[in-house]
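Each chain, written out:
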Amino acid sequence: MIRAADLRAPWLWLSLAALVALLVFIVYPVANILTASVSGDQNGWSRLLSDPRGLSAILNTLILASAVTCTCVLIGVPLAYVTARYRFFGKSIIALLPLITLVIPEVISAQTWLMALGNNGLITRFLRDIGIQLPSFYGWFGLVTVMTFVYYTYVYIGTVAAISGFDSTLEEAAQSLGTSPARSRMKVMLPVILPSILASALLVFTMVVGNFAISMILSNRLPLLSVVTYQAAVSEGGAAPVMQSTFATVSVVMVMLILFLNRWIVSRGRFEIAQGRGARPVPITGWRGAAIGLAASFIVIVSLVPLAVIAVGAFTVSRGPVMQWGNWTLANMERVFINAPQPLVNSLIYAGAATLIGICFSALVSYLIIKKRNAVTPWLDYISSIPLALSGTVLGIGLVVSFNSGWLPLTGTATIMVLALLVRRLPFGMRSAQATLHNIPNSIEEASISLGSPPMRTFFKVVLPMMGPAIASAAILTWTTSVSELSASILVYSGGRETLTIQVFRLIGSNLMAYASAYGLVLIAVIIIPIIVATKVFKVDVFASK
Amino acid sequence: MGIDIRNLYVNYGGMDVIADLSLTIPEGCFFTLLGPSGCGKTTLLRTIAGFVQAAKGNIYFQSQDVTRLPPHRRNIGMVFQDYALFPDKTVAENVAYGLRARGESGEAMMKKVRHELEHVGLGHVMDRHPAALSGGQRQRVALARAMVIKPQVLLMDEPLSNLDAKLRIQIRETICDLQREANITTVFVTHDQEEALSMSDQIGVMNKGKVEQLGTPKEIYATPRTAYVADFVGAANRINVTVAEANSDGTARIMLGDAAILARNTLTATSRDGILIMRPEDLRLKPRTSAETQGLKGRVVKRQYLGGKTSYKLALPDETLINVDSHGDDHDGFEIGADVIATIDPSKAMVIAS
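Here is what the cut-offs are and how they apply
Residues numbered from 1 in each chain as written. Chains lettered and ligands numbered in written order. Predicted model: local features only at pLDDT ≥ 70, side-chain atom pairs only at ≥ 80, totals over all residues. Heavy atoms only, no water. Helix = DSSP H or I, 4+ residues; strand = E, 2+ residues; numbered from the N terminus. Rg over C-alpha atoms; globule rule 2.2 N^0.38 Å. Buried < 20%, exposed > 50% of the residue type's maximum accessible area, 1.4 Å probe, protein only. Contact = heavy atoms within 4.5 Å. Lys, Arg positive; Asp, Glu negative; His and termini not counted. Charge placed at Lys NZ, Arg CZ, Asp CG, Glu CD. Axes fitted to C-alpha atoms, helices over the stretch in contact; angles between N-to-C directions. Parallel < 35°, antiparallel > 145°, perpendicular 65-115°, else oblique. Left-handed = near helix turned anticlockwise from the far one by under 90°. Pairing = 2+ DSSP bridges. Patch = residues over 30% accessible without salt bridge, like charges linked within 9 Å, V, L, I, M, F, W, Y side chains within 5 Å. Areas by Shrake-Rupley, 256 points an atom, 1.4 Å probe, with all protein chains shown as cover. Salt bridge = Lys/Arg side-chain N within 4 Å of Asp/Glu carboxyl O. Core = buried A, V, L, I, M, F, W, Y, C linked by side-chain atoms within 4.5 Å. pLDDT = per-residue confidence, 0-100. Polar contact = N/O pair within 3.5 Å; in protein donor to acceptor, adjacent residues only side chain to side chain. Nonpolar A, V, L, I, M, F, W, Y, C, P; charged D, E, K, R; others polar.

A. How the structure looks around the overall build of chain A. A count of helical and extended segments in chain A gives 25 helices and six strands. Over its C-alpha atoms chain A spans a radius of gyration of 25 Å, differing by no more than 12% from the 24 Å that the globule rule assigns to 546 residues. Summarising its shape, the C-alpha atoms of chain A cover approximately 80 × 70 × 50 Å along the three principal directions. Looking at chain A as a whole, 51% of its 546 residues are labelled buried. Partitioning the intrachain contacts of chain A with sequence separation of at least 6 by distance along the chain shows that 79% fall at a separation of at least 24. Within chain A, the 17 negative side-chain charges are centred at a point lying 6 Å from the centre of the 34 positive side-chain charges.

B. Quick look at the packing of helix α2 (residues 91-101) of chain B against helix α4 (residues 135-147) of chain B. All names here are of chain B. One can describe the packing of α2 onto α4 by two numbers: an axis separation of 7 Å at closest approach and a directional angle of 30°. Viewed along their axes, α2 and α4 adopt a mutual orientation that is roughly parallel. In the crossing of α2 with α4, the sense of the turn from one axis to the other is right-handed. On the side of α2, the interface is formed by Val91, Asn94 and Val95, while α4 contributes Val141, Ala144 and Arg145.

C. Region of the structure containing the sheet that holds strand β11 (residues 237-246) of chain B. Residues and elements named next belong to chain B. If you trace the five strands once around the closed barrel, you get β11-β12-β13-β20-β14, paired in mixed fashion. For this sheet the average axis-to-axis angle between neighbouring strands, irrespective of direction, equals 50°. Where β11 meets strand β14 (residues 273-278), six bridges bridge the pair, whose relative direction is antiparallel. Of the residues in β14, the one forming a bridge with Arg238 is Ile277.

D. Structural detail: a negative patch on the surface. Taken together, Asp329(B), Asp330(B), Asp332(B) and Glu335(B) make up a surface patch of like negative charges. Here Glu335(B) lies in the loop between β18 (321-326) and β19 (339-343).

E. Spatial organisation of unusual backbone geometry. Residue and element names in this part refer to chain B. With phi around 50°, Asp20 is a residue other than glycine that occupies positive phi space. As for its position among the elements, Asp20 is in strand β2 (residues 15-25). For Asp20, a relative accessible area of 40% gives the class partly exposed. Of note, the phi angle at Lys150 is positive, near 50°, even though the residue is not glycine. Residue placement: Lys150 occurs in the loop between α4 and β7 (153-157). Judged by its relative accessible area of 62%, Lys150 falls in the exposed class.

F. Region of interest: the nonpolar core. Residue and element names in this part refer to chain B. Judged by nonpolar contacts, the single largest core of 232 residues is most densely connected at Leu44, Val113 and Leu117. If sequence neighbours within four positions are ignored, Leu117 has contacts with Val91, Ala92, Val95, Leu122, Gly123, Met126, Val141 and Ala144. Counting residues in hydrophobic clusters, the runner-up holds 27 residues, among them Ile261, Met278, Val340 and Val351.

G. Highlighting the confidence of the model for chain A. Mean pLDDT over chain A works out to 85, with 93% of the residues at or above the 70 mark. In the model of chain A, helix α1 (residues 4-8) of chain A stands out as the element of lowest mean pLDDT, 64, in contrast to helix α17 (residues 342-371) of chain A, which has the highest, 94.

H. Here's a closer look at the interface of chain A and chain B. Counting from both sides, the interface comprises 20 residues of chain A and, opposite them, 23 residues of chain B. At the boundary of chain A with chain B, the tally comes to one salt bridge. Across the salt bridge formed by Glu446(A) and Arg46(B), the nearest N and O atoms sit 2.6 Å from each other. Inspection of the chain A/chain B interface yields six residue pairs in polar contact (both at pLDDT 80 or more). Elements with a minimum of two residues in the side of chain A that touches chain B: α21 (442-450) and α22 (455-483) of chain A. Considered class by class, the residues forming the side of chain A that touches chain B number 10 nonpolar, six polar and four charged.

I. Examining the packing of α17(A) against helix α18 (residues 377-384) of chain A more closely. Residue and element names in this part refer to chain A. Direction vectors running N to C along α17 and α18 enclose 130°, while the axes themselves pass 8 Å from each other. One element, α17, and the other, α18, form an angle in the oblique class. For the pair α17 and α18, the sense of crossing is left-handed. Two secondary-structure elements touch here, α17 through Val365, Leu368 and Ile369 and α18 through Thr377, Leu380 and Asp381. The class makeup of the residues in the contact of α17 with α18 is four nonpolar, one polar and one charged.

J. Quick look at the sheet that holds strand β5 (residues 64-65) of chain B. Residue and element names in this part refer to chain B. With antiparallel pairing, four strands are arranged side by side in an open sheet as β2-β1-β4-β5. Each having just a single partner strand, β2 and β5 make up the two edges of the open sheet. As paired strands, strand β1 (residues 3-12) and strand β4 (residues 56-61) are joined by five bridges and run antiparallel to one another. By the bridge assignment, Ile5 is partnered in β4 with Ile59. Here helix α1 (residues 41-49) sits on the sheet in contact with β1, β2 and β4, set at roughly 115° to β1.

K. Highlighting the environment of Arg140(B). In this fold, Arg140(B) is placed in helix α4. On the accessibility criterion, Arg140(B) (19% relative accessible area) is buried.

Set out below in structure tokens:
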């Protein structure tokens, strides 16, 4: 019911404005994708059924996602368990893990693994010299290896959180009732943390399905869903987007199913821990401590390999694709900053604009959703979480198809670049803003209003400052993920609008690894410097909203 | 500035939470809305504040109709259960907030802030943040923040219920002192009868969206008009009875088994069935001897020694259980199984309509 008082307040009008924006830039593109698979006399679905390459791409993607999910759980859960429960030598470097996933864009992980293990890689050549022949890194071997080391941290982070939230007195209770420590742990702790493990595993699954950069660089002749989708998009363009829409729909449906499964698991498995007293980590020494320490450090150091390789590669002399390891030069960096600085400038502008707009929008719309509910706000909530189900490739296709020509032609503009980053990362900002707003009691606002401050002024004077820290950390996260975005922006960019990530990707495609390393190193700097400044200078807890 | 509420209806999702409520709170009165959770007392307070819109009816501050006035223009002071201090602002800035909203600034404003904080004994914590204060200090800051703007009415929503027992009594006194000094019309919401009885000029006992009884603390306690009020304010033994004889002096004679009880009669002339109300602390116990004919015969089935008194549960001959609180010397003198007689002064027992 809408009352006269609601029409006088600004909230309903703001909600409607936000709804229009979301309908145009999220619902309309998605609707276009879903409908374009059948257009005129073209039926993408019947073409898909008679296309062995397309079908095997779907099958391969499912196999790859399952395999990577398993390996991530196998690495992530034990690592989480030992760090949450034990103290051992080298534990502190494991604290770096969440940072690593954020800081290293996927395209760079793929690139550096290639530089180490590819046909002409550092390690491949070393082993060949001593007579060991490695299998080709292109295909399953490389895909599973790289994706595992990129994604296992998500399982690790989810499991650590669950284990530290687990009330260890429950375990003591089980022991007092006569079960052995190991058995108590299996019987009491495992069921409580299992939903979190499953949820993070499913997250990994969806990320593998949507993965673009690593798939493109390493799949070679192995068809994968995101690769065939991208190839269809490139060959069809925006005019008759039949096959790309068909593949994109498959991807959307796949991810949606997983997200629903995830939600079901989380809702079933939400046990209330009455009062948490997390277990104190127990020191572990001797050969067991050393073994755990070594194993854990090995995983972390392997995760850090990309950083080292790229730093070396950026200053290594190259002639075309041939790296002359051991010979140093500044020519690569000169190219990034002096000869061809446009990608750097583009990245800063697009990611900056996307972060600024995204954070303002998230703060305001989350406020409407949580604190100023009306008939419109539930829809704002649903629609703004749609991008979670869209891989970057799908989103890129949606934007190209919708704004190629017609009533709102944006192709070739900087606007569509910003839009791609903005829409893709919107759920991030929304989630962290909503989480903080839930923690601000209504009485705070009412106190301000009762003291004579009108509602709008109350929002700016009281609510916004309280959201400040969360907004800052969400801004940093949005910035880092926008700068490293590739899959959506590579579909909507046009000549002269390359970002750093796109540039790195293209240079890898041309096998110019030295230049790619230089741009990649700058890319990492663009990501990491704001994080360092925010945490050290402004004391922002970057991972508070994670 | 008095508050006048006329035929108020408040409605949540099609249900009347408050139905046809009228109430007049005189100027300078400390008025308490007392009732269990869900009785509508907080809704009524929030409607007075303007955070809840009335579906029908009117609210007047003195003669001004404020029913449609948004809360920030009602010039109210409000104190919340969870303090609702702005966590990112210092104590001084919290208190200054309402003054700034009224366009004040500078040294003159800070003087008022300091004065108000000193008044509640917190002049020394002006530059701290709320997180560095104890619960009692926080609530006093909240009180200073509400009072410094010189509101027309002061509204308090269970301000003491997050505090521990000792602090509650201290802050109670602070609130009463401030209220009396400023002579400000105050509406105080609580579910705690002791708070209501000790602080209020007037109490409205609420039940299911209605004011069930209105009166001074003493009236509410000594002459409850309904069984609900009798039970909620203080404790009461309630026994369904039929009046044997309605006397012309306003007393009624009631037979409980073979025992006759005299009680004040509030029934209408035509009605005989009612509820006998006896407060545990008004009943007197003595050992039963064979010659005794007056009073209720009972047997002690439970006892709780509480230091200053002993609470007994007695079984009457028909197995009805009643509570008796025994004070004075030897209040713990009856053992379980002892046969006793319980008597009550006719002015303390009463029969009310069921």
